[in-house]
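# Topology and contacts: notes
Single-letter residue listing:
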Amino acid sequence: MKVGTVLGIAAACLTAAPLAAQQPRLQLSGGITTVGQWADDERIQPEVVASLDLFADLRLGRATLHIYTEANTTPRVDGVSRLVGEANTDAGTALSRRRRGRVQISEARVVWPVSGSINAHGGLLDATGFLDVSRIANDENLFFLGVPFVNNPTIEFPDYALGAALQGEVPGTDALRFAVVATSSHGLSDNPNVSYAQVFDVAETGKGLFAGATLRWVSEGRRVALGGWVNSAEQPRLASTDVTEPNAGLFSVVGWSFGEHALSARAGLSNGDVSPAHAFLGATYLWVRRPNALGLALGRTLASDALPELANVGHAEVFARRRLVGEVFVTASVQRIHNSDFDASGDRVDRRLWIAGLRLSAVF
């Protein structure tokens, strides 16, 4: 995803507000995205993948039931999105145990207004939309496709998981927002069978708790967020697989906007004893003059010192978007990736890759 969660939370919070009676009882929205990508390595085959997102918000008194359904086509085994995991955030988010595309319910959560602007969320949810939020770098359907430009790669987010969250304004303030979320450490795609039965079996051996919190200061044209997280599922240490420990880290998102221009920066730090992605720094720039948009992103993921053979990952992306008609957009993009997936040998894929992309997306 993770645009589905961000848009879904915004819509659900709106319909859960005190003025919910003025909103339709059922609200539907969504989008269709098709992406073609080509790499300058003959071992990586070109591919075309497509996805469908459908959001339904049903008002139930003061509460709102939010259901997010998504569908994916099957990525090529030797295609770009499989061999270069950082290249396409939208590919492969709804796959079966056999790694084939499917239709699935990714979120099913109830949103309940607690007091004022504070809302509680509970059910099957996506933690990314509560913590690592950027105004211009969370929507892979319209903005950046590169994975580190959608969510911070140092945060060990579970997939769609059973949990709860609390989000809203800090009481007595006008500019402070907070979010707290706790879910199972293993979401839908994190389980071997990719089954809902395993999602609800939160006490299964090897599972733990994912918990995170963020505090965000928001003013006109500026946003600053600081947060932390922990994933208590025991993981083998990189330097000694006989020893296990949980993962944890800190993160920050900073944003500025001025007229047609917007900037966003991300930073993250995780437990380098168990996580290959030890630290991340990234920045994105967006220029929008409807119907056009231009984006530029740069990021660097630092490998853990526990495995000296790993190489740092460098990533850059440029895109140009044009509205064709209504809410239908075409986007051309180019990515440059060094050491995909921390590959230092060059055996799996070339260490310096160019990825060209063409995306057609429609919002409804």
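Residues numbered from 1 in each chain as written. Predicted model: local features only at pLDDT ≥ 70, side-chain atom pairs only at ≥ 80, totals over all residues. Heavy atoms only, no water.

For the chain, the helix and strand inventory stands at 4 helices and 16 strands. Since a compact globule built from 364 residues should have a radius of gyration of about 21 Å, the 20 Å found for the chain is in line with a globular shape. Counting only C-alpha atoms and orienting by the principal axes, one finds that the chain spans roughly 60 × 55 × 40 Å. Looking at the chain residue by residue over its 364 residues, the buried ones come to 48%. Long-range pairs, those at least 24 residues apart, make up 61% of the contacts in the chain between residues at least 6 apart in sequence. Accessible surface, the chain as shown: approximately 16100 Å² in total, 62% of it carbon and sulfur. Across the chain, 32 positive and 36 negative side-chain charges occur, with their mean positions spaced 7 Å apart. (Helix = DSSP H or I, 4+ residues; strand = E, 2+ residues; numbered from the N terminus. Rg over C-alpha atoms; globule rule 2.2 N^0.38 Å. Buried < 20%, exposed > 50% of the residue type's maximum accessible area, 1.4 Å probe, protein only. Contact = heavy atoms within 4.5 Å. Areas by Shrake-Rupley, 256 points an atom, 1.4 Å probe, with all protein chains shown as cover. Lys, Arg positive; Asp, Glu negative; His and termini not counted. Charge placed at Lys NZ, Arg CZ, Asp CG, Glu CD.)

This part takes up the pattern of salt bridges. For the coordinates displayed, the defined rule picks out 10 salt bridges. For D41, the salt bridge identified is with R43, shortest N-O distance 3.0 Å. On the basis of relative accessibility, which here comes to 7%, the residue D41 falls in the buried class. Judged by its relative accessible area of 40%, R43 is partly exposed. Note that R237 and E245 form a salt bridge whose closest N and O atoms lie 3.1 Å from each other. Look at the salt bridges and you will find they share partners, linking R237, E245 and D273 into a network. (Salt bridge = Lys/Arg side-chain N within 4 Å of Asp/Glu carboxyl O.)

The residue after R290, namely P291, is reached through a cis peptide bond having omega 15 degrees. You can see P291 is positioned in the loop between β12 (277–289) and β13 (292–303). Its identity is not glycine, yet R99 carries a phi of approximately 65 degrees, on the positive side. In this structure, R99 sits in the loop between α2 (80–83) and β4 (103–115). Even without being glycine, V194 reaches a positive phi, approximately 50 degrees. Tracing the chain through its elements places V194 in the loop between β7 (176–184) and α4 (196–200). The exposure class assigned to V194 is buried, which follows from its relative accessible area of 10%.

Two strands pair when backbone bridges link them, and strand β6 (residues 161–169) and β7 are joined in this way by 7 bridges, in the antiparallel orientation. Counted as the bridge partner of E169 is R177 from β7. Linking β6 back to β7 in an antiparallel pair, the connection comprises 6 residues, with G172 at a positive phi of about 85 degrees. (Pairing = 2+ DSSP bridges.)

We now examine the packing of aromatic side chains. All told, the structure shown has 6 aromatic pairs when counted by the stated rule. Consider the rings of F144 and F319, whose centres lie 5.0 Å apart with planes at 80 degrees: the pair is edge-to-face. Within this pair, whereas F144 is found in the loop between α3 (128–131) and β6, its partner F319 is found in strand β14 (residues 313–325), the two being separated by 175 residues in sequence. Looking at F144, the relative accessible area reads 1%, which means it is buried. Under the relative-accessibility criterion, F319 is labelled buried at 1%. Members of the aromatic cluster, connected to one another through ring pairs, are F55, Y68 and Y160. The ring centre of F329 lies 5.1 Å from the NZ or CZ of R321, which sits over that ring. (Phe/Tyr/Trp six-rings, centres within 6.5 Å; stacked < 30°, edge-to-face > 60°. Lys NZ or Arg CZ within 6 Å of the ring centre and 35° of its normal.)

The next subject is the side chain of N151. Inspection of the secondary structure assignment puts N151 in the loop between α3 and β6. Classification of N151 as buried rests on a relative accessible area of 10%. One polar contact links N151 to D132, side chain to side chain, over a distance of 3.1 Å. (Polar contact = N/O pair within 3.5 Å; in protein donor to acceptor, adjacent residues only side chain to side chain.)

Summarising the model, the chain shows a mean pLDDT of 91, and 92% of its residues fall at 70 or more. Of the regions scoring below 50 in pLDDT, residues 14–21 engages in 12 contacts with residues more than four places distant in sequence or in other chains. (pLDDT = per-residue confidence, 0-100.)

Examined against the element boundaries, T93 turns out to sit in the loop between α2 and β4. Its relative accessible area of 15% is what places T93 among the buried residues.

As a further point, take the pairing of strand β3 (residues 63–72). Most of β3 is tucked away: 7 of the 10 residues are buried. Bridge count for strand β2 (residues 47–60) against β3 is 10 bridges, and the pairing is antiparallel. Residue pairing in the sheet places R59 in a bridge with T64 of β3. The turn joining β2 and β3, which pair antiparallel and follow one another in sequence, is formed by 2 residues; a positive phi near 70 degrees is taken by G61.

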